[in-house]
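What follows is each chain in one-letter form.
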Amino acid sequence: MIMLQITSYWRQWTPKFAHYLPKLVLAIATLLFGFWLIKKTTKLLSKYFSKSGMDASLSKFLSSSLSTLFKILLLLSVAKMFGVETTSFVAILGGLSIGIGMALNGTIGHFASGVLLMIFKPFKVGDLVEIGGSHKGVVQAITAFNTELKTLDNKKIIVANSLVTGNTITNISGQETIGVEMTFGIAYSADIDLARKAILEVGEKCSHILGNPEQVVVVSALGDSAVSLSTRPFCKSEYYWDTFFFMQENVKKEFDRLGIEIPFPQLQIHKN
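Residue positions are given per chain, counting from 1 as you read along its sequence in written order. Whole-chain, interface and lining totals are the exception, using all residues; otherwise, since this is a predicted model, local features are given only for residues with pLDDT of at least 70 and side-chain atom pairs are given and counted only at 80 or more. With hydrogens and water set aside, each side-chain value is computed from the structure's full complement of heavy atoms.

### Description of a positive patch on the surface
Part 1 of the reasoning: Residues enter a patch when their relative accessible area is above 30% and they make no salt bridge; the linking distance is 9 Å between like charges and 5 Å between nonpolar side chains (Val, Leu, Ile, Met, Phe, Trp, Tyr). Methods summary: accessible areas were calculated by the Shrake-Rupley approach with a probe of 1.4 Å, and residue burial reflects only the protein chains presented. A pair is scored as a salt bridge if a Lys or Arg side-chain nitrogen falls within 4 Å of a carboxyl oxygen belonging to Asp or Glu. Only four residue types enter the tally: Lys and Arg on the positive side, Asp and Glu on the negative side, with His and both chain ends excluded. Where a charge lies is defined by one atom per residue type: Lys uses NZ, Arg uses CZ, Asp uses CG and Glu uses CD. Taken together, the side chains of Lys39, Lys40, Lys43, Lys47 and Lys51 make up a positively charged region of the molecular surface.
Part 2 of the reasoning: Strands are runs of DSSP state E lasting at least 2 residues, helices are runs of H or I lasting at least 4, and numbering of each runs from the N terminus. Examined against the element boundaries, Lys51 turns out to sit in helix 1 (residues 2-51).
Part 3 of the reasoning: For the exposure calls, accessible area comes from a 1.4 Å probe over protein chains only, and a residue counts as buried if that area is under 20% of its type's maximum, exposed if over 50%, partly exposed in between. Given a relative accessible area of 77%, Lys51 falls into the exposed group.

What follows is the structure, given as structure tokens:
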């Protein structure tokens, strides 16, 4: 009796087994070769991203994302070998993607902006930047979602990446050399040539100011109570603030020594 049942099962399943065996072997071979190829491709892409100068965190993310995408496509292809209809799976994945995208709309926007910052590199860590005319500081980190700045008074500012890319970005120190723009006001009675000479001599004493381009001083405005003298000495980007503070302090001292008056608002009260 048992032998008859075994024989019956054997006759029933042998054709099915013989039908699916080549497909099973082909599927296993496809999976093994596919995973091997994906691994090799991911490594090559990762090396390419690294050689291209792409940010390390972005390189890892892109490699991982592409690897996951390739594996999903591979599994769908293998499932189709057995006659499994994959259209429904694709539709479900698409619906989930849309739902997740709508729920994380703002977050995805920050992340996409972070990717753009890492690819186009309008600034790098260590640059002094101004974002949107309101946030100024040295870039400490560029993460997937935020950009971190450290202000001159050691405050930490965290700006969402979408706000960074959506605003005007001024890279103050990213060009190796930078012009330090300053304006000094003198009284109308003061000698312009003497004041110009004083500013240039102070600039010569500053070790950070470069000789090329040569520092010049020009009359930039005739104000209500002062003649404005402007100068823009160039220095290495990292010495921007050192140069600025040196000039501000020592020009004032030199003006005082030479008797050059710096006008300031005064209020006079007359009694009747």
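Now that the structure is up, let's keep going.
### Re the packing of aromatic side chains
Given two aromatic rings, their pairing is described by the distance between the two centres and the angle made by the two planes.
Part 1 of the reasoning: Pairs were defined over the aromatic rings of Phe, Tyr and Trp, the Trp ring being its six-membered one, requiring ring centres within 6.5 Å. Orientation was assigned from the angle between planes: stacked under 30 degrees, edge-to-face over 60, tilted for the rest. For the coordinates displayed, the defined rule picks out six aromatic pairs.
Part 2 of the reasoning: With centroids separated by 5.7 Å and ring planes inclined at 25 degrees, the aromatic side chains of Trp241 and Phe245 adopt a geometry described as stacked. Taken together, the residues span about one helical turn, with Trp241 and Phe245 both in helix 7 (residues 240-258) at a distance of four residues.
Part 3 of the reasoning: For Phe245, a relative accessible area of 43% translates into the label partly exposed.
Part 4 of the reasoning: When the ring of Phe244 is compared with that of Phe245, the centres are 5.7 Å apart and the planes differ by 75 degrees; the resulting orientation is edge-to-face.
Part 5 of the reasoning: Through a chain of ring-to-ring contacts, three or more aromatic side chains come together here, namely Tyr240, Trp241, Phe244 and Phe245.

### Concerning the layout of surface pockets
Part 1 of the reasoning: Approximately 220 Å³ is the volume attributed to the largest pocket.
Part 2 of the reasoning: Lining of the largest pocket is provided by 14 residues; of these, Leu128, Gly137, Val138, Leu152 and Trp241 occupy positions nearest its centre.
Part 3 of the reasoning: Among the elements of the structure, strand 2 (135-142) and helix 7 are those that each provide at least two residues to the lining of the largest pocket.
Part 4 of the reasoning: Top contributing element to the lining of the largest pocket by residue count: strand 2, with three residues. In this analysis a 1.4 Å probe is tested at points of a 1 Å grid over the protein atoms alone, and where it fits but cannot get out there is a cavity; an open set with protein on both sides within 12 Å along at least five of seven lines is a pocket; lining residues have an atom within 4 Å of a point. Grid points are joined across faces, edges and corners, and a volume is the space filled by probe spheres set on the points.

### Digging into the nonpolar core
Part 1 of the reasoning: In terms of nonpolar packing, the biggest core is built from 23 residues, with Ile186, Ile199, Leu229, Met247, Val251 and Phe255 touching the most fellow members.
Part 2 of the reasoning: Put simply, the parts of the chain that give this core at least two residues each are strand 7 (182-186), helix 6 (192-205), strand 9 (227-231) and helix 7.
Part 3 of the reasoning: Contacts of Val251, omitting those with residues within four sequence positions, involve Phe184, Ile199 and Val202. We call a set of buried Ala, Val, Leu, Ile, Met, Phe, Trp, Tyr and Cys residues a nonpolar core when their side-chain atoms join them within 4.5 Å. By the convention used here, residues are in contact when the closest approach between their heavy atoms is within 4.5 Å.

### Description of the sheet that holds strand 4 (residues 156-160)
Part 1 of the reasoning: One bridge is not enough; two strands pair if DSSP finds at least two bridges between them. Here we have five strands laid out as an open sheet, ordered 4-3-2-1-5, and antiparallel in their pairing. Each edge of the open sheet is held by one strand with a lone partner, namely strand 4 and strand 5 (169-171). Ignoring which end each strand starts from, the neighbouring axes of this sheet average 40 degrees apart.
Part 2 of the reasoning: Where strand 2 lies against strand 3 (residues 146-150), four bridges are found, and the strand directions are antiparallel. Residue Val138 lies in a different strand from strand 3, and its bridge partner there is Lys150. To get an axis, fit a line to the C-alpha atoms, keeping to the stretch in contact for a helix; angles then go from 0 to 180 degrees between the N-to-C directions.

### Comments concerning the pattern of salt bridges
Part 1 of the reasoning: Counted according to the given criterion, the structure contains eight salt bridges.
Part 2 of the reasoning: For Lys124, the salt bridge is made with Asp127, and the minimal N-O distance between the two is 3.3 Å.
Part 3 of the reasoning: In this structure, Asp153 and Lys155 form a salt bridge, with 3.7 Å as the shortest nitrogen-oxygen distance.

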